[in-house]
Number of protein chains: 2
Amino acid sequence: MSIRIGIFGYGNLGKGIECGIRQNPDMELAAVFTRRDPSTVKTIFEGVNVVSADDVENYADKIDVMIMCGGSATDLPVQTPAMAKLYNVIDSFDTHARIAEHFANVDKTAKEGGKTAIISVGWDPGLFSLNRLYADAILPEGQNYTFWGKGISQGHSDAIRRIDGVADARQYTVPVPEAVEAVRSGSNPELTTRMKHTRECYVVAKDGADKARIEQEIKSMPNYFADYDTTVTFVTQQELDENHGGLPHQGIVLRSGCTGANKEHTHIIEYSLKLDSNPEFTSSVLLAYARAAYKLNKAGDTGCKTVFDVAPAMLSPKSSADIVQYL
Amino acid sequence: MSIRIGIFGYGNLGKGIECGIRQNPDMELAAVFTRRDPSTVKTIFEGVNVVSADDVENYADKIDVMIMCGGSATDLPVQTPAMAKLYNVIDSFDTHARIAEHFANVDKTAKEGGKTAIISVGWDPGLFSLNRLYADAILPEGQNYTFWGKGISQGHSDAIRRIDGVADARQYTVPVPEAVEAVRSGSNPELTTRMKHTRECYVVAKDGADKARIEQEIKSMPNYFADYDTTVTFVTQQELDENHGGLPHQGIVLRSGCTGANKEHTHIIEYSLKLDSNPEFTSSVLLAYARAAYKLNKAGDTGCKTVFDVAPAMLSPKSSADIVQYL
């Protein structure tokens, strides 16, 4: 029997889940839940059951795992704990400072409902977090480095769009190649924020807007841009759509550590992702963990988990005998 | 209280464990077990308790985890099942074709003894296996590629040493750069054995030996060299010792996979290791899994496991609250 997946929220991530389910023969799409009028939601493939979020409580016997596809700022902190009482759930909550609080909220409701939840799934937090933990445990004396990009940062793009006179914008986070190479060399460099990443902004100005003032506002924005070497390029809406319309992303986690009687040997562990579509790849990670949540719940292991609590075998559709082939 | 580690077998791996324990504040070295006369074994650090392997049964209350440091060919298939009855054990068994059989043997004795065993730990099998499984589960449509090197292959070096007229030898396995780049490009190339790796042999000939015949014997050796582009360089023993005396190694696991409504997006997952000392790094992995075996046994989870069965959090010395910081 297939694992019946529900999609809660139908944006880029929800669409990625819709596509990804078709690549997993042990899964099927049970329903998409939306806060919009379901009749206005056009899914990618035909025959998808689109349902009002108001009716979600009526699907308990039709869905094995609900994948929460809302945003971390306001949706998931409310939706995931609410849904974990009714369904096994997966989310990609990525507000790092609030993960412990979110975990506690979800754990409480999941345990009440006898359900299994896995939060903060994706690639960072997610696969990058896993690699930081594995690498730390293996090389206790060393240093971790994470580089993001080149890729679109939605948060930084949104920050630019809020500036007066800006019609649209895209922001790329870009690692500094010399910093990456210094880490790969094993020299354990101390790197400031500015030394690790640059920020490239492509901005569409409204008619008559003061471009010099916009550029100045971007470059001096605290937290987002002030600590970085930032470039601002003004483009037309058409140029933005044609040349910066995709959602590619990349990233690298590195650990440089030492071993030996005199710590004379250096080792570099490097994990990297090059993604044509950030939301589709994130969706693929969520689906693998949906399988794990399903298996864990069948085994009676309820409550909230993170990727650290899930044995790798749980992610695979293969039997134990076939999994040994990966060794 | 510290995790008390026993080392069974004192070669390169055992020495790596001896050094590695000092980098893990939650561990201590209880004893080294050797089949040699203990008085002839000189450990790297002073004050190490070296004991005859014949006395290993007397240490049940002094050791929490025994790390098996023998060879996969003849030692581990016998030693690990025998020891798993008495101790939680970790080994690095790497004869891929016999892992299922070894697993069954160890599982039986570990369960009889109420102990926890984790087999085939290291980097391949081990960390590379983990990455193959994670990447497969996340990108179901795609292809895995593993490249080894540049690094010393002990098995291939031994095969050369068995040739008549050879005094000593070292063999490097080297990935073909064009093959690695083709995979990174996302083109999903079909690669033959010859297209993936070359083999570089450094050979010390005995006085008066026929070098042309030795070179021919190496290059035509089935399984080991015949399917590869192989170079043979004759050197003096001094040159071999000075220039090829270390045990560095490297390797890469790549997965190239696709997502999207029309599978139009390509993603590359890459995991790589650059190791100054292969045995010391492998020892470091074994120690992290020794911690996991200790925790699993405390939790009553007995029998044989592989790296696929061990939740990442089990490897870390950190508390649950601190582990969340990796997210």
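In this report, the structure presented in the accompanying data block is examined. What you are looking at is a predicted structure, and each value in this text was computed from that prediction instead of being measured.

## Focus: the overall build of chain A
And then number 1: The secondary structure content of chain A amounts to eleven helices and 14 strands.
And then number 2: The C-alpha radius of gyration computed for chain A amounts to 22 Å, which stays within 12% of the reference 20 Å derived for 327 residues, consistent with globular compactness.
And then number 3: Summarising its shape, the C-alpha atoms of chain A cover approximately 65 × 55 × 35 Å along the three principal directions.
And then number 4: Considering chain A as a whole, with its 327 residues, one finds that 57% of them fall into the buried category.
And then number 5: Across chain A, contacts joining residues at least 24 apart in sequence account for 69% of those joining residues at least 6 apart.
And then number 6: Carbon and sulfur atoms provide 47% of the accessible area of chain A, an area that totals close to 13500 Å².

## Some points on the sheet that holds strand 9 (residues 166–175) of chain A
Residue and element names in this part refer to chain A.
And then number 1: If you walk across this open sheet you meet the four strands as 8-9-10-11, and the pairing is mixed. The strands lining the two open edges of the sheet, one partner per strand, are strand 8 (151–152) and strand 11 (229–234).
And then number 2: Here two bridges tie strand 8 to strand 9, and the two strands are oriented antiparallel to one another. Bridge pairing in strand 9 links Gly-151 to Thr-173.
And then number 3: Across the sheet, helix 5 (residues 154–161) touches strand 8, strand 9 and strand 10 (197–205), and the angle it forms with strand 9 is around 145°.
And then number 4: Sheet strands in contact with helix 8 (residues 211–219) are strand 9, strand 10 and strand 11, and its direction is about 150° off that of strand 11.

## Things to note about the interface of chain B and chain A
And then number 1: With 64 residues of chain B in contact, the opposing surface of chain A contributes 64 residues.
And then number 2: Summed over both sides, the interface between chain B and chain A buries roughly 5500 Å², with carbon and sulfur atoms accounting for 64% of that surface.
And then number 3: When the buried surface of chain B facing chain A is broken down by residue, Gln23(B), Tyr326(B) and Leu327(B) rank first, second and third, together holding 15% of it.
And then number 4: At the junction of chain B and chain A, the tally comes to zero salt bridges.
And then number 5: Put simply, chain B and chain A have 29 residue pairs in polar contact (both at pLDDT 80 or more) between them.
And then number 6: Of the residues forming the side of chain B that touches chain A, the biggest block, eleven residues, is contributed by strand 13 (residues 265–275) of chain B.
And then number 7: Per-class residue counts for the side of chain B that touches chain A are 35 nonpolar, 16 polar and 13 charged.

## Focus: the nonpolar core
And then number 1: Judged by nonpolar contacts, the single largest core of 148 residues is most densely connected at Tyr289(A) and Tyr289(B).
And then number 2: Beyond its immediate stretch of four places on either side in the chain, Tyr289(B) contacts Tyr134(A), Ile90(B), Ile118(B), Val121(B), Leu130(B), Val307(B), Val310(B) and Leu315(B).
And then number 3: Counting residues in hydrophobic clusters, the runner-up holds 13 residues, among them Val166(B), Cys201(B), Ala205(B) and Val232(B).

## Looking at the sheet that holds strand 8 (residues 151–152) of chain B
Residue and element names in this part refer to chain B.
And then number 1: Spatial strand order, 8-9-10-11: four strands in an open sheet with mixed pairing. Single-partner strands in this sheet number two, and they are strand 8 and strand 11 (229–234).
And then number 2: Sitting on the sheet, helix 5 (residues 154–161) is in contact with strand 8, strand 9 (166–175) and strand 10 (197–205), with an inclination near 145° to strand 9.

## Points about the relation of the copies chain B and chain A
What relates the pair of chain copies is a rotation about an axis plus a shift along that axis.
And then number 1: Each copy of the sequence occupies a distinct position, and chain B is placed on chain A by a rotation of 180° and an axial shift of 0.0 Å, giving an RMSD of 0.0 Å. The symmetry that links the two subunits is that of a two-fold axis. No C-alpha of chain B approaches the rotation axis more nearly than that of Ala311(B), which lies at 1.9 Å.
And then number 2: Interface residue correspondence from chain B to chain A reaches 100%, placing this contact among same-surface, isologous pairings.

Reading the values: rules and limits
Residues numbered from 1 in each chain as written. Chains lettered and ligands numbered in written order. Predicted model: local features only at pLDDT ≥ 70, side-chain atom pairs only at ≥ 80, totals over all residues. Heavy atoms only, no water. Helix = DSSP H or I, 4+ residues; strand = E, 2+ residues; numbered from the N terminus. Rg over C-alpha atoms; globule rule 2.2 N^0.38 Å. Buried < 20%, exposed > 50% of the residue type's maximum accessible area, 1.4 Å probe, protein only. Contact = heavy atoms within 4.5 Å. Areas by Shrake-Rupley, 256 points an atom, 1.4 Å probe, with all protein chains shown as cover. Pairing = 2+ DSSP bridges. Axes fitted to C-alpha atoms, helices over the stretch in contact; angles between N-to-C directions. Buried area = accessible area lost by both parts, 1.4 Å probe. Salt bridge = Lys/Arg side-chain N within 4 Å of Asp/Glu carboxyl O. Polar contact = N/O pair within 3.5 Å; in protein donor to acceptor, adjacent residues only side chain to side chain. Nonpolar A, V, L, I, M, F, W, Y, C, P; charged D, E, K, R; others polar. Core = buried A, V, L, I, M, F, W, Y, C linked by side-chain atoms within 4.5 Å. Least-squares fit on C-alpha atoms with pLDDT ≥ 70 in both.

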